[in-house]
Amino acid sequence: MIEDLFANDDSIIRQWQEQLAKDAVVLRGFAYGEAQALLQHIAKIAEKASFRHFVTPNGHIMSVGMTNCGTLGWTSNKQGYCYTKTDPLSGQIWPQMPKAFQQIAQQAASHAGFTDFTPDACLINRYHPGSRLALHQDKDEIDLSQPIVSVSLGLSATFLFGGLQREHPCQRVILTHGDVIVWGGDSRLRYHGVLPLKDGKVPWPLQDSVRYNLTFRRVSLP
Ligand SMILES: O=C(O)CCC(=O)C(=O)O
Ligand SMILES: [Fe+2]
């Protein structure tokens, strides 16, 4: 009864955890309280390093818009995938990783049992309805001892979380505004992807039909 009273009250942050596999967990609502600040930082970063659609090595234009912050940024072109210190569009170094980004990433990682996570790269993904991310492994990082921390903001998405082989079955996980997934250790190289984004209710303070995802990585060895 009491719960029903608060069911539609967005000022109450509900947080819980769901274990997906060994060393992989969804932290529901973990970034909800920081969401507005994170979105403001994304807008500032995009003023310096705008969202763009990378071409994959096989010539496909990605439907997800991407940019980066941190000392290294993930890029793709016909030659392959790599991390660069500068933005190939501007020739400038990538925007600094905001403190608020580092904090939420470190807190989420340590909540999931990975202490001392020190990300040096944050890939920022922007999805519009219809955008998708094919099943892949995050394996361009030299340091695979640290986890991936992935923060979802905006429209809900269906995240596919598979096994260590592409053919392994995938769990379908609905990720909503403020959810965080952490995967590392034995799960670090699990395949994952995002189904084509559906339009839906856009959470405050966003106005457009959009989903952002912050993916924090440790690329280089400490
Ligand atoms: O958008 C997501 O939830 C996943 C993003 C992802 O897998 C990546 O950037 O490598
Ligand atoms: Fe990924």
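Residues numbered from 1 in each chain as written. Chains lettered and ligands numbered in written order. Predicted model: local features only at pLDDT ≥ 70, side-chain atom pairs only at ≥ 80, totals over all residues. Heavy atoms only, no water.

1. Regarding unusual backbone geometry
Okay, step 1: The omega torsion across Trp204 and Pro205 is 5°, close enough to zero to call that bond cis.
Okay, step 2: Along the chain, the position of Pro205 falls in the loop between β12 (192–194) and β13 (211–217).
Okay, step 3: The phi dihedral of Asp23 is positive, around 65°, even though this residue is not glycine.
Okay, step 4: Relative to the helices and strands, Asp23 resides in the loop between β1 (16–21) and β2 (24–28). (Helix = DSSP H or I, 4+ residues; strand = E, 2+ residues; numbered from the N terminus.)

2. As for helix α3 (residues 99–111)
Okay, step 1: Between its terminal C-alpha atoms α3 stretches 18 Å, which fits the 18 Å expected from 13 residues at 1.5 Å a residue.
Okay, step 2: Within the span of α3, buried status applies to Phe101, Ile104, Ala105, Ala108 and Ala109. An end-on view of α3 places all buried positions within 130° of arc, on one side of the element.
Okay, step 3: Phi turns positive, to about 100°, at Gly113, one or two residues after α3. (Expected span 1.5 Å × (residues − 1). Buried < 20%, exposed > 50% of the residue type's maximum accessible area, 1.4 Å probe, protein only. Arc of directions from axis to C-beta.)

3. Overview of the UniProt feature "domain: Fe2OG dioxygenase" (unreviewed entry) in the protein chain
Okay, step 1: The sites that carry the UniProt feature "domain: Fe2OG dioxygenase" (unreviewed entry) are, in the present numbering, residues 118–220.
Okay, step 2: Here residues 118–220 is 0% helix and 41% strand, with 10 Å between the C-alpha atoms at its ends. (UniProt positions renumbered as here; feature names shortened; annotations may be inferred.)

4. Observations regarding the environment of Pro203
Okay, step 1: Inspection of the secondary structure puts Pro203 in the loop between β12 and β13.
Okay, step 2: Placed 165 residues apart in sequence, Pro203 and Leu38 show a C-alpha to C-alpha distance of 14 Å.
Okay, step 3: With residues up to four places along the chain from it excluded, the contact list for Pro203 reads Gly154, Leu155 and His177. (Contact = heavy atoms within 4.5 Å.)

5. What to know about the packing of helix α2 (residues 35–48) against α3
Okay, step 1: It is the contact of α2 with α3, at a shortest axis distance of 10 Å, that shows an interaxial angle of 130°. In terms of their interaxial angle, α2 and α3 are classed as oblique. Between α2 and α3 the crossing geometry is left-handed. Residue-level inspection shows Leu38, His41, Ile42 and Ile45 of α2 in contact with α3, the latter providing Ala100, Phe101 and Ile104. (Axes fitted to C-alpha atoms, helices over the stretch in contact; angles between N-to-C directions. Parallel < 35°, antiparallel > 145°, perpendicular 65-115°, else oblique. Left-handed = near helix turned anticlockwise from the far one by under 90°.)

6. Re the packing of aromatic side chains
Okay, step 1: Evaluated as defined, the whole model comprises seven aromatic pairs.
Okay, step 2: Seen in terms of ring centroids, Phe54 and Trp74 are 6.0 Å apart; in terms of plane orientation they differ by 80°. Their pairing is edge-to-face. Placement of Phe54 in the loop between α2 and β3 (65–70) and of Trp74 in strand β4 (residues 73–77) is noted, with a sequence separation of 20 residues between them.
Okay, step 3: By relative accessible area, Trp74 is classed as buried at 9%.
Okay, step 4: Considering the side-chain rings of Phe159 and Phe161, the 6.1 Å spacing of their centres and the 20° angle between planes classify their relative orientation as stacked. (Phe/Tyr/Trp six-rings, centres within 6.5 Å; stacked < 30°, edge-to-face > 60°.)

7. Brief notes about the coordination of the iron ion (ligand 2)
Okay, step 1: Protein-derived ligands of the iron ion (ligand 2) are His136 (NE2), Asp138 (OD) and His192 (NE2), with the metal-ligand distances lying across 2.0 to 2.2 Å.
Okay, step 2: In primary sequence terms, the donor set of the iron ion (ligand 2) follows H-x1-D-x53-H. Of this pair, His136 sits in strand β7 (residues 133–136) while His192 sits in strand β12; the two residues are 56 residues apart in sequence, bridging distant segments of the chain. (Donors = N, O, S within 2.8 Å, 3.2 Å for Na, K, Ca; no water.)

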